[in-house]
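Observations on the three-dimensional arrangement
Chain residues, written in single-letter form:
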Amino acid sequence: MRTYRLAVVKGDGIGPEVTEAALRGMHAAARRCGFSLDTADVDLGAERYLRTGEVLDEGTVSALRTHDAVLLGAVGDPRVPPGILERGLIVALRVAFAQSVNIRPVRLYPGVQSPIRGVTAQNCDLVVIRENTEGLYTGGGTLAHAGTPHAVAVQNSLTTVAATTDTVEFAFRLAQERRRRVTLCHKTNILMHAGQLWQEVVDQVALRYPEVEHDYVHADAMCQHLPLDPGRFDVVVTDNLFGDIISDLGATVQGGLGLAASANYNVAGSAPSMYEPVHGSAPDIAGKGWANPAAAALSAALCLAGLGEREAALCLEAATASVLAELPSLAGPGMGSDTAALGERIAARVMDVD
Ligand code: ATP
Ligand code: MG
């Protein structure tokens, strides 16, 4: 039987709850489609940092590298100062494993209510493709005279043609299988150097995909168009920071953070890709059973697709969507079911969906 080695970082807060629920669905999809998942828990996150003072060590990076994929719950804790886990763990893993492309589907599933009027399952099905290792996230820069009236901060932003091309190429390839439209989202009128590089890469790559249309929308205008007219977008390609912001906006449009999935993709196959819900550790609801496991389950479906198990991925996505449609509310005590029970329901549904 085909077996995939999956590293599982359950993490903190609701991370373990949603990941366990997602894994149930994933194993069910594997059983249905005739393969198996060999999972290994990897201890990373705030709990480990608070216990040992260590965020990420070489040994753990090497161990993760031997797996076919990494499934991540969420990391974060109010006791850990900002930046330590985001930069030291999440960004560090994205860079170490050359996960240069971030995929965030924005899809409103039938039966789910968007908080934005006029958004329906028919007009909301797009994918945000975000460059994942560069831009302002490289972290370089200086803060001079901190804490004085003369303080000056310089925050560097890096854009290479290599990472941009990986990202744009991915977007066009995906668009070709979908509705054949790529929209570049940037701020080319202000960020002129990076903006020019992005536009040139899009124009170059577009030559290889003559059947895919492409257009351009400023990042600020996107904040208006995405919620009001999501149907005009198929694949949106953008840089690291704009991608972070507009995909959170997308999460709201599609029904909330509890439903938003993502993949950090190593395009070359030289290291594992990593799959994680868009939401964080949600310490406010941890331990209550109120977390919606859909975002984690849909991320697990992206993982199955990334492993090449397309049918299993479609089963898990359909099962999750079908369970979502039955919930009286998308999060909290009004969900009518707790996180673990929803995981069981998703797993059972995997066996039933067509
Ligand atoms: P972190 O610092 O780890 O990012 P956070 O609190 O800043 O944590 P999130 O964890 O993303 O950010 O949570 C934001 C809000 O969304 C919280 O009020 C949380 O309860 C809610 N939320 C997040 N994920 C879910 C989920 N899966 N189901 C229900 N509510 C969720
Ligand atoms: Mg957060």
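Predicted model, so just to flag it, every value in this text is computed and none were measured.

About the cut-offs
Residues numbered from 1 in each chain as written. Chains lettered and ligands numbered in written order. Predicted model: local features only at pLDDT ≥ 70, side-chain atom pairs only at ≥ 80, totals over all residues. Helix = DSSP H or I, 4+ residues; strand = E, 2+ residues; numbered from the N terminus. Buried ≥ 20, exposed ≤ 12 C-beta atoms within 10 Å, placed from the backbone. Domains from an automatic or database assignment. Contact = placed C-beta atoms within 7 Å. Pairing = 2+ DSSP bridges. Axes fitted to C-alpha atoms, helices over the stretch in contact; angles between N-to-C directions.

A closer look at unusual backbone geometry
Phi is positive for His145, close to 55°, though the residue is something other than glycine. With respect to the secondary-structure elements, His145 resides in the loop between β6 (141–144) and β7 (152–155). Although it is not a glycine, Arg180 adopts a positive phi angle of roughly 60°. Within the fold, Arg180 resides in the loop between α5 (161–177) and β8 (181–186). Classification of Arg180 as partly exposed rests on a count of 15 C-beta atoms within 10 Å.

What to know about the domain arrangement of the protein chain
What the domain assignment reports for the protein chain is domain 1 (1–97 + 271–354) and domain 2 (103–258). On a C-alpha basis, the centres of domain 1 and domain 2 stand 24 Å from each other. The interface is formed by 16 residues belonging to domain 1 together with 17 residues belonging to domain 2. Counting only elements with at least two residues in the side of domain 1 that touches domain 2, the list comes to α4 (84–96), α9 (294–306) and α10 (310–324). If one sorts the elements of the side of domain 1 that touches domain 2 by residue count, α4 sits on top with 4 residues.

Description of the sheet that holds strand β11 (residues 261–265)
Taken in spatial order, the 10 strands line up as β2-β1-β3-β12-β11-β4-β5-β10-β8-β9 in an open sheet, and their pairing is mixed. The sheet is open, and its two borders are formed by β2 (35–41) and β9 (213–218), each paired with just one other strand. Between one strand axis and the next, the sheet turns by 25° as a mean value, whatever way the strands run. In this fold helix α6 (residues 192–207) packs onto β8 and β9, with an angle of close to 170° to the strand it touches most, β8.

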